[in-house]
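Per-entry structural report
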Amino acid sequence: MKKIISTTKAPSAIGPYSQAMQVGNLIYTSGQIPINPATGSFVEGGIKEQTRQSLLNVKAILEEAGLTMGNVVKTTVFMADMNDFADMNAVYAEFFAEPYPARSAVAVKTLPKGALVEIEVIAGI
């Protein structure tokens, strides 16, 4: 059985998808771009600020489901430029502790609304 997870503390979906979906003991989030949910706009700054906001959005969705970042078992990080990896990774490390979740990080041609980063996670209950 599927259950939709939704919160106003993360940006609303801008298309035909849910912020997150629970199936069994797993939560799958949609990719989160660096939109501040209070303003509906991108955060100012570069990859560090955008990574932080994307992860804050993920965190808000997980909290709505009663989880923390410690429940994350897998992340996927999409970046517009792999040269930003070290700066993204520095901020990413602020949100996770050992044992770290599995992760994929890939560079893509473009991201929604011209974002520099988009992050999705899978979390276990």
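Notes on the structure in this doc start here. Quick caveat, the model's predicted, so the values are computed rather than measured.

Details of the overall build of the chain
If you tally the helices and strands in the chain, you get two helices and eight strands. The N-to-C order of helical and strand elements in the chain reads β-β-β-β-β-α-β-α-β-β. The C-alpha extent of the chain, read off along each of the three principal axes, is 40 × 30 × 25 Å. Contacts spanning at least 24 positions in sequence make up 67% of the contacts within the chain whose residues lie at least 6 apart. Mean positive and mean negative side-chain charge positions of the chain (10 and 11 charges, respectively) differ by 7 Å.

Regarding the side chain of Asp84
By secondary structure assignment, the location of Asp84 is in the loop between strand E6 (72-79) and helix H2 (85-95). For Asp84, which is buried and forms no salt bridge, the nearest opposite charge comes from Lys48, at a distance of 10 Å. Setting aside anything within four residues of it in sequence, one finds Asp84 in contact with Ile47 and Met79.

A closer look at the pattern of salt bridges
By the definition in use, this model includes one salt bridge. Glu94 is the partner of Arg52 in a salt bridge, and the nearest nitrogen-oxygen pair spans 2.9 Å. Placement of Arg52 in helix H1 (residues 47-64) and of Glu94 in helix H2 is noted, with a sequence separation of 42 residues between them.

A closer look at H2
Turning to H2, its buried residues are Met88, Val91, Tyr92 and Phe95. Buried residues of H2, seen end-on, are gathered within an arc of 105° and therefore sit on one face of the element. Opposite the buried face of H2, at more than 90 degrees from it, the exposed residues are Ala86 and Glu94. Residues of H2 that are buried sit in contact with H1, E6 and strand E7 (102-107).

Here we look at unusual backbone geometry
Following Glu98, the chain continues to Pro99 via a peptide bond in cis, the omega torsion being 0°. Relative to the assigned elements, Pro99 resides in the loop between H2 and E7.

Comments concerning the pairing of strand E3 (residues 26-29)
The alternating pattern of E3 places Ile27 and Thr29 on a buried face and Leu26 and Tyr28 on a face that is not buried. Bridge count for strand E2 (residues 20-23) against E3 is four bridges, and the pairing is antiparallel. From the neighbouring strand, Gln22 faces E3, where its bridge partner is Ile27. A loop of two residues connects E2 with E3, the two strands running antiparallel in sequence, and Gly24 in this loop sits at a positive phi of about 60°. By the bridge criterion, three bridges tie E3 to strand E8 (residues 117-124) in an arrangement that is antiparallel. Bridge pairing in E8 links Ile27 to Ala123.

Reading the values: the criteria
- Residues numbered from 1 in each chain as written.
- Predicted model: local features only at pLDDT ≥ 70, side-chain atom pairs only at ≥ 80, totals over all residues.
- Heavy atoms only, no water.
- Helix = DSSP H or I, 4+ residues; strand = E, 2+ residues; numbered from the N terminus.
- Contact = heavy atoms within 4.5 Å.
- Lys, Arg positive; Asp, Glu negative; His and termini not counted.
- Charge placed at Lys NZ, Arg CZ, Asp CG, Glu CD.
- Buried < 20%, exposed > 50% of the residue type's maximum accessible area, 1.4 Å probe, protein only.
- Salt bridge = Lys/Arg side-chain N within 4 Å of Asp/Glu carboxyl O.
- Arc of directions from axis to C-beta.
- Pairing = 2+ DSSP bridges.

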